[in-house]
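Listed below, chain by chain, are the residues.
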Amino acid sequence: MSNPWDDWDHVLKIDPDKDLCDGETFEDVCRTGTDAIEIGGTLDVTAEKMTRVIDATAEYDVPLYQEPSNPGVVIDSPALDGYLIPTVFNAGGPFWITGAHKEWVRIDDLDWDRTHTEAYIVMNPDASVAELTEANCDLDADDVEAYAKVAERMFGQEIVYLEYSGTFGDVEKVAAAGDALDDATLFYGGGISDYESANEMAAHSDVVVVGDLLHDEGVDAVRETVKGAKDAKDAKGTKDA
Ligand SMILES: CC(C)=CCC/C(C)=C/CC/C(C)=C/CC/C(C)=C/COP(=O)(O)OP(=O)(O)O
Ligand SMILES: O=P(O)(O)OC[C@@H](O)CO
Ligand SMILES: [Mg+2]
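Residues numbered from 1 in each chain as written. Chains lettered and ligands numbered in written order. Predicted model: local features only at pLDDT ≥ 70, side-chain atom pairs only at ≥ 80, totals over all residues. Heavy atoms only, no water.

A. Layout of the site of ligand 2. Close to ligand 2 lie Lys13, Tyr161, Glu163, Ser165, Gly166, Gly189, Gly190, Gly191, Val209, Val210, Gly211 and Asp212. The contact in question runs from an oxygen atom of ligand 2 to an N or O atom on the side chain of glutamate 163, over 2.5 Å. The contact in question runs from an oxygen atom of ligand 2 to an N or O atom on the backbone of glycine 211, over 2.9 Å. Protein coverage of the free-state accessible area of ligand 2, which is 300 Å², stands at 93%. Among the secondary structure elements, those contributing two or more residues to the shell around ligand 2 are strand E6 (159-163) and strand E8 (207-210). A breakdown of the residues in the shell around ligand 2 according to their chemical character gives 3 nonpolar, 6 polar and 3 charged. (Near = heavy atom within 4 Å. Polar contact = N/O pair within 3.5 Å; in protein donor to acceptor, adjacent residues only side chain to side chain. Areas by Shrake-Rupley, 256 points an atom, 1.4 Å probe, with all protein chains shown as cover. Helix = DSSP H or I, 4+ residues; strand = E, 2+ residues; numbered from the N terminus. Nonpolar A, V, L, I, M, F, W, Y, C, P; charged D, E, K, R; others polar.)

Structure follows, in structure tokens:
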């Protein structure tokens, strides 16, 4: 079965708790050329802040996904193409693996057709997501490779997300995750800041996710990362052909 993300090279993650750069609009954000927008962040995200971003991006035709950090911020909106629900494979306890999910399913009426999971492997111990989930980030390339295989082979995950949020990752570990997967799509996120960094990580993953750059540098910088990711894919296509 095909999934929307099979064709993505680049995702832009908007943190509802952070501002856009001066003078930039959500229309500008939707016109960066990214393949999809994910709306989510770890800290200080509320349903109101989520709704504001969904409403502001709804009218443009870029695919829109919510990535909730807890069940309380999930928004029921027809503007959303779907929900990408993290499950943190290297979390310090079960709450961020299945606990939050169980609570969500208990209290809410899910739209299962639009609900998908992302198998997170959290790699930067200083990121909010690592602190919140008490993730064990002390992972070598072979640990990453094993987690990726567990996610795909044992838990049937269609997306494996190597999350370096806030810092540029170790290429060897990203490549190890990529090599481990046969069918799942590898998302890489963290520290992508320009054409080069996007190009490099896109060569080793299926989809690169760009977050803070939007809020820190703005849409022109994001557009460069789209180019970097797309060029890497074109180069791969040429090589594989
Ligand atoms: C069951 C439901 C609906 C939700 C639970 C989903 C889970 C397990 C969330 C845990 C991981 C998490 C908090 C993911 C949020 C997305 C994310 C990693 C955003 C990036 O956040 P950071 O960059 O670390 O944080 P800030 O930029 O907000 O500081
Ligand atoms: O903010 P950055 O470092 O770009 O990371 C992107 C994304 O993986 C965060 O969840
Ligand atoms: Mg962040």
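B. Structural view of the environment of aspartate 17. Within the secondary structure, aspartate 17 is located in the loop between strand E1 (10-14) and helix H1 (26-30). Measuring from C-alpha to C-alpha, the distance between aspartate 17 and lysine 49 comes to 6.7 Å, with 32 residues separating the pair along the chain. When neighbours within four sequence positions are excluded, aspartate 17 is seen to be in contact with Leu43, Asp44 and Lys49. A distance of 2.9 Å separates polar atoms of two side chains, one belonging to aspartate 17 and the other to lysine 49. (Contact = heavy atoms within 4.5 Å.)

C. Region of the structure containing the sheet that holds strand E2 (residues 36-39). Taken in spatial order, the 8 strands close into a barrel running E1-E2-E3-E4-E5-E6-E7-E8, and their pairing is parallel. Strand-to-strand twist across the sheet, computed as the mean angle between neighbouring axes with direction ignored, equals 30°. Pairing analysis gives 3 bridges linking E1 to E8, with the strands arranged parallel. Opposite valine 11, over in E8, you have valine 209 as the bridge partner. The sheet strands contacting helix H6 (residues 171-180) are E6 and strand E7 (185-189), and the helix crosses E7 at an angle near 165°. (Pairing = 2+ DSSP bridges. Axes fitted to C-alpha atoms, helices over the stretch in contact; angles between N-to-C directions.)

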